[in-house]
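# Overview (structure and organization)
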Amino acid sequence: GVDPSLFTPRPHRDAPGRFEILSVGRLAVAKAQVVLIEGIGELVRQGRYVRLRVAGEGPERGTLERTIARLGLEEYVVLAGACSQVRVRQLYQETDLFALASFAEGVPVVLMEAMAMEIPCVATWITGVPELIRHGIHGWLVPPSDAAELASAITQLMDQPELRQRVGQAARLQVQQCYDLRR
């Protein structure tokens, strides 16, 4: 669980100039950041003004850097490296959507943190994630390894600020009711 008094709602932005997407996790094959970056490439090809920030460090950094360069996404994807919990909370404050493209997870604490802050989440439909997020209610779930579906889910939420806000509020309520560390 998480402490919802520490992870409080951040300001909702109806029409951000640049749509901010955040992913937090170890840079590892199982976290599938390559798929997420490919999804961002799809959004950029559609003319979307987005920025993905990936907080974390790990053995796949070189692969991710090469993928970013190959797709020409240096202006759109930032590998933020290892971040303190304070810095991660700051990144959450600045984001419009949280994305997790993993192939393998338990029930991810980073999703709980984002949800507690009313950040709409797009994650893969794997292992423990559906215990935390009911598709279309507390966030969006997509099949793993599908960059196009990931981009489509992000687009749907980008285009509907009221939906983003409603999903974010439902997500926080879910964390408060089921994943409050204090209980």
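The structure under discussion appears in the preceding block.
Everything in this summary refers to the structure shown in the same document.

Calculation rules
- For every chain, the first residue of the written sequence is number 1, and numbering continues from 1 along that sequence.
- Local features are withheld for residues below a pLDDT of 70 in this predicted model, meaning they are given only at 70 or higher, and side-chain atom pairs are given and counted only at 80 or more; totals for whole chains, interfaces and linings count all residues.
- Heavy atoms from the whole structure form the basis of all side-chain values; hydrogens and water molecules are not counted.
- Think of it in three bands: with a 1.4 Å probe and only protein chains considered, a residue is buried below 20% of the maximum accessible area for its type, exposed above 50%, and partly exposed in between.
- Counting from the N terminus, the helices are the DSSP runs of H or I reaching at least four residues and the strands are the DSSP runs of E reaching at least two.
- Here, any two strands with at least 2 DSSP bridges between them count as paired.
- Seen with its strands pointing away from the viewer, a crossover is right-handed if its path from the first strand over the helix to the second goes clockwise.
- In this context, the arc is that of the directions from the helix axis out to the C-beta atoms.
- Contacts between residues were defined by any pair of non-hydrogen atoms, one from each residue, lying within 4.5 Å.

Burial along strand β5 (residues 121–124) is two-sided: the face carrying Cys121 and Ala123 and the face carrying Val122 and Thr124 are both buried. For strand β4 (residues 97–100) and β5, the ladder comprises three bridges, and the chain directions are parallel. Looking across to β5, one finds that Ala99 is bridged to Val122. Each parallel crossover has a hand, and for β4 linked through helix α4 (residues 109–116) to β5 it is right-handed.

This paragraph deals with unusual backbone geometry. Look at Ala32: it is not a glycine, yet its phi comes out positive at around 55°. By the secondary structure assignment, Ala32 is in the loop between β1 (19–24) and α1 (33–45). The backbone phi angle of Glu118 is positive, close to 65°, even though this residue is not glycine. Within the secondary structure layout, Glu118 lies in the loop between α4 and β5.

If you check which residues of helix α3 (residues 85–93) are buried, you get Val88, Leu91 and Tyr92. The buried side chains of α3 occupy one side of the element, clustering within an arc of 105° when seen end-on. Lining the buried residues of α3 we find β1, β2 (50–55), β4 and α4.

That's the geometry; what it means functionally is another story.
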